[in-house]
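# Structural overview
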Amino acid sequence: MRGQHPKPVYNARIREMPLPRAYCFRALCCLLLIVPATVVSATDWHGLEAQLARKIAAGTGPGAVFLEVTNRSSLSSADVDEIRRGLWTELAALGVHSVAADQAAATVQVSLSENAQNYVWVTEIRLGNNESSVVMVTAPRTEPAAGERPAVPLTVHKALLWTDEHRILDVALPTGTPQIMIVLEPESIVLYAVQNGHWQAQQTLAITHARPWPRDLRGRLVLRKDHLVDAYLPGVSCQSTTVAPLALNCRESDDPWPLGTDPLALSAFFTPTRNFFTGVLSPGVRKQTATAPFYSVAALPRDQYTLWIFSTTDGQVHLWDGMTDQTATKWSWGSDIAGVRSGCGPGWQVLATARDEGAGDTVQAFEIADREPVAVSAPVEFGGRITALWTDSDRASAIAVAQNSETSRYEAYRLSITCSR
Amino acid sequence: MKRTGFLLLAAASLLLAVEAGAATRPHYGGTLHVCLHAAPASLDPNQAEWAGSAALFGLLFDTLVALDDQGQSQPALATAWQAESGNQRWQVALRRGVTFSDGMPLTPDIVAASLRAMNPTWRVFSTGDAVIIERDSPAPDLPAELALPRNSIVKRESGKVLGTGPFVVTQWDAGKKLVVTARNDYWGGRTFLDSIEVEMGKNFHEQMVAFDLGKAQVVEVASEQARRAATEGRRIETSAPDELLALVFEREPQSAADSKQREALALSIDRRLLNSVVLQNGGEPSGGLLPNWMTGYGFLFPVEVNLTRAQQERAEVPETSVWNLGFDANDPIERVLAERIVLNARDAGLRLQLATGASDIKLVRVPLASLDPQVAFTALAAALGVAQPRINGSSLDDLYMAENALLKSQRVIPLLHLRAACAVSKTVRNWGRTRGGLWRLPDVWLAAERP
C-alpha cells in the first residue's frame, strides 16, 4: 500500500530516466543474498511479528489472552509455526501471556492473509463482550524458488548471468582481462565489469532508432576482434568504438545478422518490422541461398559437411546440408534452437525450446541421428517464457533469456552441456 | 545398462516433446473475431458506459499510467510523475514520439484537455513536456486514477475521437460492429494481429453459437455457464473474482426498525447456495465490497447465513414493510438470483417482491474499476450511488475502516464477487487478461493449425 511510501517520489525506473546501474547491481546483490534464505524460510518475520505484537498489546494491555493463529495465505505450515512462536515471544516480552480461552481476559484471533502485493496479518481483538477491534500489518510478499529435475545422460546446466526488469535481448561475455559482460537491452547496451567479485555497471550506451521497435523484439550481440561489439536489432545495426570510454554508433540498416563465426559463418537478413529472418542467407550454404522465413538456426558440424537446422515460422524444421533441404513437421520443437559444442558424443548438440503447460518453457538437448531428433538430456525448466536463445560466441554454450512468470523480470542464463554418460 | 537407460530417456523425452506444446514465437498477421455483450453507442470514453466495453478502449486509447497485476503503477503515455505539496499537485512527464492514429503528435495541451473533459474538478494545464494536475484535496492515488479506462487520452476533433492506441478504427457501426486495424507506428510496437473485428450486442447464447461455428475466436461466457462450457471441451479462461454482485438500497435507513429489517435481510441470504447452485461456482461469496484477493482482509466480513439471528432481528420489528426488489429484466440469471433472495428473505419473515420498475432495493453488478484497492473502492461507491467514502489515510487499516463504515451505513449488502469468463479458440495464443479483468488483446497472436 502507499502507506509504505509516505513521501511522493518518482515511479520506478523508466527508460527515459535511467537509474544508475550501480543501484540495479546493489539490488541484484541484495536479491541474491535474500534468495537462499527464502528457500528455507519465506522471509525474516521478526520485524512483522514485533510490529503486530505491539499493536495487539496496545489493544489488550498486559495480561492473559487467548491467542489463535489461522493461515489464510500461501505460507507453508513451517512458516506459520515459526510465526506463531515468534509472535508469542514478542507478546510475552510486552507482558501478554497465553492462557486457555476460559481464563482469558481477551481473545486474539490472528489471520495470516495476503493480497496481490503483500502479506496481510489481520488481528481481531475482543475484550470480554465488547465489539471486536481490528489491527493489521503488512509486508511485501516473496515468491518461492522453483525446483529442478534430476540429471540424466547429458546435463544441460544453466547459470544465471543477469536479471533485469526490462527486456534482455542478448548477453555476451568477452574473454580476457578485465572480465566484462555486455547486456543488450531494447534501448541500450550496458557494460559490466567485475569489481570485488560482483558485476558492476561501467557504462551505458544508448541505442538510437527512429522507428518504434516491433513487438517480440529480438537483438543479437556479436563480439569483434577489431572493436568490442556489434549489435543487431530489427532495421538497426550498431558498432562500438575500440577504446574506452566506448561510444556506440547506430544506423538504420538491413545488413544481414551474423549467425555464426568461422568456420561456421552464416548471415541472414532479419525483417525490420517483425520477429523473424526473411530466409535469405548471405552467403548461402554451398548452393543453397534461401530458405523459408525462420526464427532460429543451429549448426551441427559433421565429418564432411555441416548440417544446418532452421526452425521456420510455419512451425516446421528444415535440415540443410548444402545440397538437400529436408522438412520435418513432427518434431514439436519451439521456435528457438541453438547449436552448442559440448565435446560429448558426436561433439555438438542442439538446444531446443518447448513449452511445459502449467510451468514455464523448457530447453532440452538433442542429437540428430538419421535425420531424427533424439533427446539426450532432461528438459531444463525456466520459470517463464523463453524470449531469446542464441549460440554464444565461443560456441561452447548458449545464452537463454526467460521472462519469469512470477516476477515478470527477465533472466539471462548461460547454458552449457556436460557429459555424464 | 547405460544404453537401456539412454533409450528409455530418449523415448520418454520424445513422448514429452509430442505432448508438450512447442514454445513458438508469436506470429504476425491475421484477424481476430470477438463477440461482446456490451453495445456501446460511442467510442468516446467520456460518453460510453465503459464497464462492459473496457476491452475496446485498450485497442484505441492509452492511459498515462498502467497498473500491473500487483496494482503497481507503471509508465504508459507518462514516463514519470511526481507529487508536490502534500499530494495535491502532480507533475506528469509525457513520453516523446507518441502519435495519434491520424499521425499527429501527442502534446501536453491535448492531454490536459482530455483529462479536464473527464474530470471537471481537476485543474490540468500543460508546461513544457509535462502536464500539471492540481486537486482540491490530497490525491496520493492519482497515478492509479490516471490508469482508469475513463482517463484514456483522447483527442476530439470535429465530432471524432482519436487515440494513441495500437489500433485505428476502420469500421464503426455504433452498438453493432467495430473493426480496427493495427498501427505500424504504435509507440509500444505494432501488434501481432493485423486487425480485430468485434461484433457487439450479442447475448451469451448467440456468442456461443458463433464460437462453435468458428465465426468468433473469443466470446464471453456467463459466469454460471463457464464450468459447463469447459466440460464440453471448450477452452475457457476465467478472471479473478472481480465483479461485485450486491443489493443496494435506494435510501439510507429511515428508522431503527428499517435498520433491523436490513440486518435481518443481510443475515438471511445464503450466499454459498447462490454461488454453488445458481452460479455454478462462477464466483465467490463475499461479505465485503472488495474481494479478499485485493485486500487480504475481506474474510473479516461474514458471509455465512444465520437464519436464527435473522429471525430474531425480524421479530424485534412489530410490522415489516414490503420491499420491491429490482433487477435487470434482460439478465436471466439476475432474475433467478433475485427469486432466490426473495425466498431466503421469506424464511426470515421478511417480505420482498420482484419489481422491474421502481424499487426499494436493486440487485446490481459492478465490475471493479481498478487494481488499486482505494481507487477501486472509491469507484465502487460512485457506481453504487452511495456517498463517497472518507478514507483517512493510505494504509490498509484506513481502507478497512472506510469499507466497514460504508457497510454499517446499511446501504449495500454485498453478496458475491463474480468471475468473468470467456471461451477462447485454441488458435488464439498469448491470450491473457489483467488481474482486473481487462483483455490484453495487443499481445494476442493467431497460430496456424499445425500440419
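Since the model is a prediction, treat every value here as computed from it, not as a measurement. (Residues numbered from 1 in each chain as written. Chains lettered and ligands numbered in written order. Predicted model: local features only at pLDDT ≥ 70, side-chain atom pairs only at ≥ 80, totals over all residues.)

### Some points on the overall build of chain A
- Of the regular secondary structure elements, chain A holds three helices and 30 strands.
- A burial count over chain A gives 39% of its 421 residues as buried.
- Once local pairs closer than 6 in sequence are excluded, the contacts in chain A between residues at least 24 apart make up 49%. (Helix = DSSP H or I, 4+ residues; strand = E, 2+ residues; numbered from the N terminus. Buried ≥ 20, exposed ≤ 12 C-beta atoms within 10 Å, placed from the backbone. Contact = placed C-beta atoms within 7 Å.)

### Here we look at the nonpolar core
- Ranked by size, the top nonpolar core spans 151 residues in total, and within it W121 of chain A together with A78, V92, L94, I196, V219 and V221 of chain B carry the most contacts.
- Among the elements that make up this core, the one with the highest residue count is strand β19 (residues 412–424) of chain B (ten residues).
- Residues within four places of V219 of chain B in sequence aside, it is in contact with C35, Q207, M208, A210, F211, C422 and A423 of chain B.
- Residues L191, Y232, I368 and A412 of chain A belong to the second largest nonpolar core, which totals 80 residues. (Core = buried A, V, L, I, M, F, W, Y, C linked by C-beta atoms within 7 Å.)

### Some remarks on the packing of helix α2 (residues 46–60) of chain A against helix α3 (residues 77–93) of chain A
Residues and elements named next belong to chain A.
- Interhelical geometry of α2 versus α3 gives an angle of 50° and a closest axis separation of 9 Å. Between α2 and α3, the interaxial angle falls into the category oblique. The way α2 lies across α3 gives a crossing that is right-handed. Across the interface between the two elements, H46, E49, A50, L52, A53, I56 and A57 of α2 pack against I83, G86, L87, E90 and L91 of α3.
- Grouping the amino acids of the contact of α2 with α3 by side-chain chemistry returns eight nonpolar, two polar and two charged. (Axes fitted to C-alpha atoms, helices over the stretch in contact; angles between N-to-C directions. Parallel < 35°, antiparallel > 145°, perpendicular 65-115°, else oblique. Left-handed = near helix turned anticlockwise from the far one by under 90°. Nonpolar A, V, L, I, M, F, W, Y, C, P; charged D, E, K, R; others polar.)

### Description of the sheet that holds strand β7 (residues 130–134) of chain B
Residues and elements named next belong to chain B.
- Pairing is antiparallel in the open sheet, where four strands are placed in the order β4-β5-β7-β6. The open sheet terminates on both sides in strands that have one partner only, identified here as β4 (78–84) and β6 (123–127). Adjacent strand axes in the sheet meet at a mean angle of 20°, parallel and antiparallel pairs treated alike.
- Where β4 lies against strand β5 (residues 89–94), six bridges are found, and the strand directions are antiparallel. Across the sheet, the residue bridging to W81 is V92, located in β5.
- Lying over the sheet, helix α3 (residues 108–118) contacts β5, β6 and β7, oriented at roughly 175° with respect to β6. (Pairing = 2+ DSSP bridges.)

### So, the UniProt feature "domain: Solute-binding protein family" (unreviewed entry) in chain B
- Within this structure's numbering, the places UniProt gives as "domain: Solute-binding protein family" (unreviewed entry) are residues 74–358 of chain B.
- End C-alpha atoms of residues 74–358 of chain B are separated by 44 Å, and the span's content is 28% helix alongside 28% strand. (UniProt positions renumbered as here; feature names shortened; annotations may be inferred.)

### Considering the sheet that holds strand β6 (residues 154–164) of chain A
Residue and element names in this part refer to chain A.
- Read across the sheet, four strands follow the order β6-β30-β29-β28 without closing on themselves; strand pairing throughout is antiparallel. The open sheet has two edge strands with one neighbour each: β6 and β28 (384–391). For this sheet, the mean inter-axis angle between neighbouring strands, taken without regard to orientation, is 25°.

### Observations concerning the domain arrangement of chain A
- Each domain of chain A was delimited in the assignment, giving domain 1 (46–140) and domain 2 (154–205 + 255–419).
- The C-alpha-based centres of domain 1 of chain A and domain 2 of chain A are spaced at 52 Å. (Domains from an automatic or database assignment.)

### Observations regarding the domain arrangement of chain B
Residues and elements named next belong to chain B.
- Splitting chain B by domain gives domain 1 (26–61 + 165–217 + 425–451), domain 2 (63–154) and domain 3 (241–419).
- One C-alpha centre belongs to domain 1, the other to domain 2, and the line joining them spans 25 Å.
- Across the boundary between the two partners, domain 1 contributes 13 residues, which contact 13 residues of domain 2.
- Counted by class, the side of domain 1 that touches domain 2 contains seven nonpolar, two polar and four charged residues.

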